[in-house]
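Examining the three-dimensional arrangement
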Amino acid sequence: MMEVRNRLRRAVVMALLFAAAFALPVSARVQNGAAPASREVTDETGRVVKIPQPVRRIVSLAPSLTETVYALGLQDRLVGDTDYCDYPADAAKKHKVGGAINPNMEEVASLKPDVVLVVKSLNRLETVRALEQLGIPVYATDPHTVNDVIVSMKKLSGVLGADDAGAALEEKLKGRLAAVHEKVNGVAVKRVLFAVWTEPLISVGRKTFIADVLEHAGATSVVDSKQDWPQFSLEEAVRLQPEYLVFASSHSETVRNDVEALALKPGWSAMEAVKKRRIAVVSDAINRPGPRIVDAVEELARQLHPEVFAEKN
């Protein structure tokens with residue numbers, strides 16, 4: 001009887017040891033060795049990208065996308081951005097990976113991002129390919145109009161797992177845009193020259209989202225070009241005689257001082273908009289296809305059509 005009990009005891013002990021020895025490695029494999037979940041998405045350039053789920057670490061290589069990440073409430077997941085990502089103010093405190101054109105690949109890789117966000121019109125294809133070679137997923141956006149920008153942000157919210165925030169942002173921006181449309185509907189459209197640069201004189205083409213901002217604000221560009229950033233002569237600008245000059249700057253007083261200097265130069269002084277100081281200055285949000293693009297529409301519409309925005313008694 002004693003022998004039977006001993007054998008039974010040894011069998012139980014062996015079974016427990018076997019179970020413990022077997023179970024521990026399985027647990028370890030599940031936690032440490034299993035591939036993380038991922039899903040395939042198609043970005044706005046048509047590329048199919050496999051992105052880990054959930055997205056916990058984001059690197060943005062464009063100021064507009066950094067602003068979008070913040071607008072979606074995902075700033076805690078933003079582990080890196082560019083030297084030019086300065087809005088909101090907290091974005092300037094993020095780990096910097098260099099410029100948008102030539103980011104430091106080692107810096108990007110060291111942050112171990114689940115996804116890197118780029119804009120086709122800003123970031124280089126070489127950057128995308130280099131990141132792909134490092135095995136880092138890259139999602140690209142490519143908006144060309146104000147509505148494109150809003151839709152693009154909504155799509156990105158789904159990619160990053162913030163669908164509800166994306167839907168709320170879309171509804172808010174569309175509502176504000178509709179309010180501007182209601183105000184400017186029926187008013188005379190202003191002919192404007194958007195000056196990207198004055199020496200040499202560079203403006204915006206018809207297919208840029210900035211030209212579309214002008215349209216939403218009750219304006220139209222006097223420049224009719226298929227190029228995104230056409231350069232043309234001052235003589236041509238004088239011949240076109242825009243009703244307003246539009247500049248983008250965070251410092252409106254600096255721009256107005258620059259206009260005073262332009263007024264003293266041959267050519268510029270022959271432009272009616274300069275003579276009458278019909279100048280509109282909007283924030284640099286107009287240069288960024290992100291959540292503040294509607295801010296730019298509102299700012300410009302108020303300056304070009306102040307009569308329809310005046311508060312009624």
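What comes next concerns the included structure. (Residues numbered from 1 in each chain as written. Predicted model: local features only at pLDDT ≥ 70, side-chain atom pairs only at ≥ 80, totals over all residues. Heavy atoms only, no water.)

**Focus: the pairing of strand S6 (residues 138–141)**
Taking every second residue as pointing to the same face, both faces of S6 are buried, with Val138 and Ala140 on one and Tyr139 and Thr141 on the other. One ladder, built from 4 bridges, connects strand S5 (residues 115–119) with S6; its direction is parallel. Paired with valine 119 across the two strands is threonine 141, which belongs to S6. Regarding topology, helix H4 (residues 125–133) serves as the crossover connection from S5 to the parallel S6, and that connection is right-handed. (Buried < 20%, exposed > 50% of the residue type's maximum accessible area, 1.4 Å probe, protein only. Helix = DSSP H or I, 4+ residues; strand = E, 2+ residues; numbered from the N terminus. Pairing = 2+ DSSP bridges. Right-handed = clockwise from strand over helix to strand, strands pointing away.)

**Describing the nonpolar core**
If you look at the biggest cluster of nonpolar residues, it comprises 53 residues, and the most contacted ones within it are Ile58, Val115, Leu117, Leu160 and Leu300. For this core, the leading source of residues is helix H11 (residues 293–304), giving 7 residues. Every residue in contact with isoleucine 58, bar those within four places of it in the chain, is listed here: Val69, Arg77, Leu78, Val79, Gly80, Val115, Leu117 and Leu160. Core analysis: the second largest hydrophobic core is formed by 22 residues, Phe232, Leu234, Leu240 and Val274 among them. (Core = buried A, V, L, I, M, F, W, Y, C linked by side-chain atoms within 4.5 Å. Contact = heavy atoms within 4.5 Å.)

**Concerning empty space enclosed by the protein**
Here the structure, examined in full by the defined rule, presents 1 cavity of 30 Å³ or more. Space inside the largest cavity adds up to approximately 40 Å³. Of all the secondary-structure elements, those providing two or more residues to the lining of the largest cavity are helix H2 (63–71) and helix H5 (146–159). A total of 4 residues in the lining of the largest cavity trace back to one element, the largest contributor, which is H5. Classifying every residue of the lining of the largest cavity gives 6 nonpolar, 3 polar and no charged. (1 Å grid on protein atoms, 1.4 Å probe; cavity = no way out; pocket = protein on both sides within 12 Å on 5 of 7 lines; lining within 4 Å. Points joined across faces, edges and corners; volume = space filled by probe spheres on them. Nonpolar A, V, L, I, M, F, W, Y, C, P; charged D, E, K, R; others polar.)

**What to know about the side chain of serine 157**
Among the secondary structure elements, serine 157 is positioned in helix H5. Of note is the side chain of serine 157, whose polar atom sits 2.5 Å from the backbone oxygen of lysine 154. With residues up to four places along the chain from it excluded, the contact list for serine 157 reads Leu72, Ala162, Asp163 and Gly166. (Polar contact = N/O pair within 3.5 Å; in protein donor to acceptor, adjacent residues only side chain to side chain.)

**A word on the layout of surface pockets**
Computed from the structure, the largest pocket encloses a volume of approximately 610 Å³. Around the largest pocket, the lining comprises 21 residues; the ones closest to its centre are Ser121, Leu122, Phe209, Asn287 and Pro289. Of all the secondary structure elements, the ones that give two or more residues to the lining of the largest pocket are H2 and helix H7 (209–216). Among the residues forming the lining of the largest pocket, the class breakdown is 11 nonpolar, 5 polar and 5 charged. By volume, the second largest pocket is sized at about 340 Å³.

**A word on the environment of methionine 271**
By secondary structure assignment, the location of methionine 271 is in the loop between helix H9 (252–262) and helix H10 (272–275). Sequence separation of methionine 271 and leucine 234 is 37 residues, and the distance between their C-alpha atoms is 9.5 Å. Beyond its immediate stretch of four places on either side in the chain, methionine 271 contacts Leu234, Ala237, Val238, Gln241, Pro242 and Leu245.

**Things to note about helix H6 (residues 163–184)**
Given 3.6 residues per helical turn, the α-helix brings residues three or four places apart onto the same face. Between its first and last C-alpha atoms H6 spans 32 Å; for 22 residues at 1.5 Å apiece the expected length is 32 Å, and the two agree. All of the buried residues along H6 are Gly166, Leu169, Glu170, Leu173, Leu177, Val180 and Val184. In an axial view of H6, the angular spread of the buried residues amounts to 100 degrees, which keeps them on one side of the axis. With respect to the buried face of H6, the exposed residues turned more than 90 degrees away are Asp164, Glu171, Lys172 and Glu182. Considering only its buried residues, H6 is in contact with H2, H5, H7, H11 and helix H12 (306–309). Phi turns positive, to about 95 degrees, at glycine 186, one or two residues after H6. (Expected span 1.5 Å × (residues − 1). Arc of directions from axis to C-beta.)

Read these as geometric descriptors, not functional statements.
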